[in-house]
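Summary of structural features
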Amino acid sequence: MTWKSGRSSICPKTLDESCSAAPPETPAELRIEEVYRAEWGRLLALLVSRTRRLDLAEDGLAEAFARAAARWPIDGTPANPAGWLYTTAHRQVVGRIRAEAIAGRKAPLLAVSPSWVRPDDVPVELEDDRLHLILLCCHPALPSESRSALALRLVMGTSTEEIARLFLVSTATMAARLTRAKKKIVQAGIPLGGPFEDEFGLRLDEVCRTVYLAFTAGYAPGTGPDLLRADLAGDAVRLATVLHTLLPEAAQVRATLALLLLQHARRAARVCDGALVTLADQDRSLWRQEEIRAGLRLLDGLHTEVGYAEEVRLQALIAAEHARAIAPEATNWAMIASHYATLEAMTGSGIIRLNRAVAVAEAESPTAGLALLVGLEEILPGNHRVAAVRAELASRAGKLELAQASYRTAISLCTNEIERAHLITRLAALRTSGSLER
Amino acid sequence: MKYFVLLAGYGEMPLWEDLSPEEQEAGLAQHYAFAEACAARDGVEMLGGEALADVSMATTLRTRNGELVVTDGPFAEAAEHIGGFYVIDAPDLDTLIDLCKVLPAYDMEIRPVLDMPEDAG
């Protein structure tokens, strides 16, 4: 069985661009792909809940999809595709458990929290247990780089190869990371069934951070055709959408989805001719207006929140200001600077101060922006962006020596090849224009 | 599921011997409260737990080139801060984390205890 979900085949109702190039598919294949994308997480969550075997459930479900790929084109798509897949997968898992028992091996079951109730064993009406699965994947006792990978794999059904591509690591590295995380869940007794009530809000914050991390991974510059991986960032947006469907009242979830939609709407404009395009230079007609509207609507439903939800809401408000501006000159930088000031007061984050400096430079003057950078190296040691922003603002303020020195510092600190090349170009341009002015 | 909980005084909870008598008394009360909370919780049992003497009492054994070397002091600098441990049977990690909130504000490390095969002899 070689069938597996992949972006090379059809992806209906999708957020990514690559689909139109896909070859035509037979209706059954199309149907399986659709069911995979719609039902993988729900089916897996249910299998995990009912069998408490994380390892077997994933393999069993993959096998069920492989059988569907072999059988449906011949026998026709069953009336209840999800039910068929569930029954087939469940049979697989039970078979494996029996084989283990005969061999005298007994693998440990997933731990469950005291409040956990096993879902009813009725395969027709599939319950939605995805929230428990998401909370399990995002447990704070797991390494943070594993959490987002695990959530994408188990809840969205994103393949290990794709997750590896998203995080710019080898497939073997990612496979090992996923295996270790699943092993820790079972051996450390991380329970299925959700946290204690007083911890629920904090754990949900952690879930949102995890989703955001997966999203931003798609926009970390890579190489060649993988400069950005917006299609895979799209899986994180879909994960946020699932979460919002499960918990429509949760403010941090709503704010996170708004933020993701507003940022992701710009994806088509972010790369041109194999190079990154900065916000100011983007072709704004490529921005997805329907997604921007959806993000703005979600934001409208939020008022001043507290804690992490408020941090994300402010980030989303900033993204909204950019999304609303029909041209770079139309950007309300004063509003953006004010949101950053609020965020900085809340978080004390050096990164926020850096972004605030950029906004203040636009809203007031490059010199006012430069003033906010004073002492930032101590807060963000080794961060090349502090030097890069200083260089940019200094060059705008006409302080060419400071600009050149800062570009050189930024270049020496920057480890990302793409960004480094960009900085070198900027420095060279500065030298040329600088000498012209003299 | 059996867990080992290591208690270390790096964080907001300083070393026991640096506490005032009143603070020590309050700390002890938290340990008693922890024992009670464990006893009251379904599926939880305290299997053991001890406070350890301070690090100046520690002796380290190392085998190098097949020879046992005995030295004064802890095996690692970090170990200086270890003040005690518990062994707790709990149904899952979240339950144990919830119970540990009752203890003084130690930095704590939780590790599952491995099931060892029964002694055949």
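Look up: the structure comes first, before these words.
The structure contained in this document is the topic of the report that follows. (Residues numbered from 1 in each chain as written. Chains lettered and ligands numbered in written order. Predicted model: local features only at pLDDT ≥ 70, side-chain atom pairs only at ≥ 80, totals over all residues.)

Brief notes about the sheet that holds strand β1 (residues 2-8) of chain B
Residues and elements named next belong to chain B. So the rule is basically this: Two strands are said to pair when DSSP picks up at least two bridges between them. Runs of E in the DSSP output that reach at least two residues are strands. Runs of H or I that reach at least four are helices, and both are numbered from the N terminus. For helices, the fitted line uses only the C-alpha atoms of the stretch in contact; every axis is such a line through C-alpha atoms, and the angle between N-to-C directions lies from 0 to 180 degrees.
Within the open sheet, the four strands sit side by side as β2-β5-β1-β6. Their pairing is antiparallel. Of all the strands in the sheet, just β2 (45-51) and β6 (107-112) have a single pairing partner and so form its edges. Neighbour-to-neighbour, the strand axes of the sheet open up by a mean angle of 15°, direction not taken into account. For β1 and strand β5 (residues 82-89), the ladder comprises seven bridges, and the chain directions are antiparallel. Its bridge partner lying in β5, A8 is registered against I82.

Let's talk about the interface of chain B and chain A
The criterion, for reference: Placing a C-beta atom from the backbone of each residue, one calls two residues in contact when those atoms lie within 7 Å. Each residue gets one label: Ala, Val, Leu, Ile, Met, Phe, Trp, Tyr, Cys and Pro are nonpolar, Asp, Glu, Lys and Arg are charged, and the others, such as Gly, are polar.
With nine residues of chain B at the interface, the matching set in chain A holds 12 residues. Residue classes in the side of chain B that touches chain A are distributed as four nonpolar, one polar and four charged.

So, the pairing of β1 of chain B
Residue and element names in this part refer to chain B. Going by this rule: Note on burial: count the other C-beta atoms lying within 10 Å of the residue's C-beta; 20 or more is buried, 12 or fewer is exposed, in between is partly exposed, and C-beta positions come from the backbone.
Of the two faces of β1, only one is covered, namely that formed by Y3, V5 and L7; the face formed by K2, F4, L6 and A8 stays uncovered. Examined bridge by bridge, β1 and β6 share six bridges and lie antiparallel to one another. The residue of β6 that forms the bridge with F4 is R111.

Points about the packing of helix α2 (residues 54-75) of chain A against helix α3 (residues 81-102) of chain A
Residues and elements named next belong to chain A. To keep it simple, the criterion reads: Angular relationships are summarised with four words: roughly parallel below 35 degrees, roughly antiparallel beyond 145, roughly perpendicular across 65 to 115, and oblique for the angles in between. In this scheme the crossing of two helices becomes right-handed for a clockwise turn of the near helix relative to the far one and left-handed for an anticlockwise turn of less than a right angle.
Relative orientation of the contacting elements α2 and α3 amounts to 130°, with a least axis distance of 8 Å. Judged on the interaxial angle alone, α3 and α2 are oblique. When you trace α2 past α3, the crossing you get is right-handed. Two secondary-structure elements touch here, α2 through L56, A57, G60, L61, E63, A64, F65, R67 and A68 and α3 through L85, T88, A89, Q92, V93, R96 and I97. Tallied by class, residues from the contact of α2 with α3 come to 10 nonpolar, three polar and three charged.

Concerning unusual backbone geometry
With the exception of glycine, the majority of residues adopt a negative phi angle, and the majority of peptide bonds are in the trans configuration. Residue and element names in this part refer to chain A. The phi dihedral of R52 falls on the positive side, at around 55°, and the residue is not glycine. The residue R52 is located in the loop between α1 (27-51) and α2 in this model. By the C-beta count within 10 Å, which is 18 here, R52 ends up partly exposed.

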